[in-house]
Amino acid sequence: MFQGPLDESLLKKARDKGLLDINLVNIRDFADDKHKTADDSPYGGGAGMVMKVDVIAKALSRVAGHGSRVILLCPTGKLLTQEKVKELAQLKQLTLLCGHYEGIDERIRGMVDEEISIGDYVLTGGELPAMVLIDAVARHIPGVVKEAESVKKDSFYEGLLDHPSYTKPEEFEGKKVPDVLTSGHHKEIDRWRRKESLKKTLYRRPDLLAKFTPSAEDRSLLNEIMQND
Ligand code: 4FD
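Position labels on residues start from 1 in each chain and follow its written sequence. pLDDT decides what is reported in this predicted model: residues at 70 or higher carry local features, side-chain atom pairs at 80 or more are listed and counted, and totals for whole chains, interfaces and linings draw on all residues regardless. To get the side-chain values, all heavy atoms of the structure are used, and hydrogens and water are removed first.

Trainee: With reference to specific residues and values, describe the site of the ligand.
Mentor: By convention in these notes, a residue is near a molecule or strand provided one of its non-hydrogen atoms lies within 4 Å of it. As a structural note, the neighbourhood of the ligand is formed by 17 residues, with Ser117, Ile118, Gly119, Tyr121 and Leu123 the closest of them. Distance and chemistry together define a polar contact, namely a pair of N or O atoms within 3.5 Å, with one atom able to donate a hydrogen and the other to accept it when in protein, and with adjacent residues in sequence counting only for side-chain atoms on both sides. Ser117 places a side-chain nitrogen or oxygen 3.2 Å from a nitrogen atom of the ligand. One of the backbone N or O atoms of Ile118 is found 2.8 Å from an oxygen atom in the ligand. The fraction of the free accessible surface of the ligand (410 Å²) that becomes covered by protein chains is 96%. By the criteria applied, helices consist of DSSP H or I runs no shorter than four residues and strands consist of E runs no shorter than two, each listed in order from the N terminus. At the level of secondary structure, the elements contributing two or more residues to the shell around the ligand comprise strand E3 (69-79) and strand E5 (103-104). When residues are sorted by character, Ala, Val, Leu, Ile, Met, Phe, Trp, Tyr, Cys and Pro go into the nonpolar class, Asp, Glu, Lys and Arg into the charged class, and all the rest, Gly among them, into the polar class. Partitioning the shell around the ligand into residue classes produces 10 nonpolar, six polar and one charged. The Shrake-Rupley method, run with a 1.4 Å probe, gives the accessible areas here. Residue values count only the displayed protein chains as cover.

Trainee: Provide a residue-level description of the environment of Glu115, including the pertinent values.
Mentor: Within the secondary structure, Glu115 sits in strand E6 (residues 114-117). Spatially, the C-alpha atom of Glu115 lies 37 Å from that of Arg219, the residues being 104 residues apart in sequence. Here a residue-residue contact requires only that any non-hydrogen atoms of the pair lie within 4.5 Å. The contacts of Glu115, once residues within four sequence positions are left out, are Leu72, Cys74, Thr76, Gly77, Lys78 and Arg109. Reaching out from Glu115, the side chain makes a polar contact with the side chain of Arg109 at a distance of 2.8 Å.

Trainee: Let's hear about the layout of surface pockets: which residues, and what values?
Mentor: The space that makes up the largest pocket amounts to roughly 1,100 Å³. Those elements that provide at least two residues to the lining of the largest pocket are helix H3 (53-63), helix H4 (82-89), strand E4 (94-98) and helix H5 (127-138). No other element matches the six residues that H5 contributes to the lining of the largest pocket. Across the lining of the largest pocket, the residue classes break down as 27 nonpolar, five polar and four charged. The definitions used throughout rest on a 1 Å grid laid over the protein atoms alone, on which a cavity is an enclosed set of points accommodating a 1.4 Å probe that cannot get out and a pocket is an open set flanked by protein within 12 Å on both sides along at least five of seven lines; lining residues are those having an atom within 4 Å of a point. Grid points are joined across faces, edges and corners, and a volume is the space filled by probe spheres set on the points. Space inside the second largest pocket adds up to approximately 440 Å³.

Trainee: Residues and numbers for the side chain of Ser68, please.
Mentor: The topology assignment puts Ser68 in the loop between H3 and E3. For Ser68, the side chain forms a polar contact with the side chain of Thr95, separated by 2.8 Å. Sequence-distant contacts of Ser68, that is, excluding residues within four places in its chain, are made with Gln93, Leu94, Thr95 and Asp113.

Trainee: Summarise H4; cite the residues concerned and give the values.
Mentor: Every α-helix carries 3.6 residues per turn, so stepping three or four residues along brings you back to the same face. Along H4, the residues that are buried comprise Gln82, Lys84, Val85, Leu88 and Ala89. Summarising the axial view, the buried residues of H4 lie within an arc of 155°, below the 170-degree limit, and thus occupy one face. Summarising the contacts, the buried residues of H4 are in contact with E3, E4, E6 and H5. For the exposure calls, accessible area comes from a 1.4 Å probe over protein chains only, and a residue counts as buried if that area is under 20% of its type's maximum, exposed if over 50%, partly exposed in between. Taken from the helix axis, the directions to the C-beta atoms give the arc we talk about.

What follows is the structure in structure tokens.
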């Protein structure tokens, strides 16, 4: 589950450059019986297996230590946002705990610093959510993403969605690139992009726009948008 994404592209380069260090730990290695049992059936009955608290406690005591933030990836955690990603990127070390059964012993929640979910859906394990978190956080480590593709231009960075982008050809199946982008007028281009960014956020994610504090220029662009449509 981890080997693919970690050994590909940007994350691989970041690890090779020493910008990112990832240690994979197999929870089963901390089971004390010969079958390496990390899960068991739930008290009170019912289907499915539950991750064992004693095995997790042992794993965390060996792995986490020394001020590492311990995060449980689970469907009932707090939703991951770009704001949270930026906060986590400031920390030296994270311990990501991935549940892999139908559930975990409730007492495990008392051993973690926070619980995070990557979205309102259930997966077979916390491994893919952990990879999503690692990828999102790694992009904020200086040197991982090229300066030109600065994370400051990302969707959500400022709380707005990205403006549209185009590249060659200038015309495709009758659809032309907006004239302003080929005009060479950089001030006009910046203004157009800002307006499109506000427009897209207004139509697609009004919830984001409600939390956003527009500048005087943004307010004037928003007025134009609402006049036209
Ligand atoms: N939406 C997410 C995280 C984990 C997961 C699991 C308790 C189930 C979805 C702890 C129950 C872990 C998410 C594993 N599914 N499944 O981030």
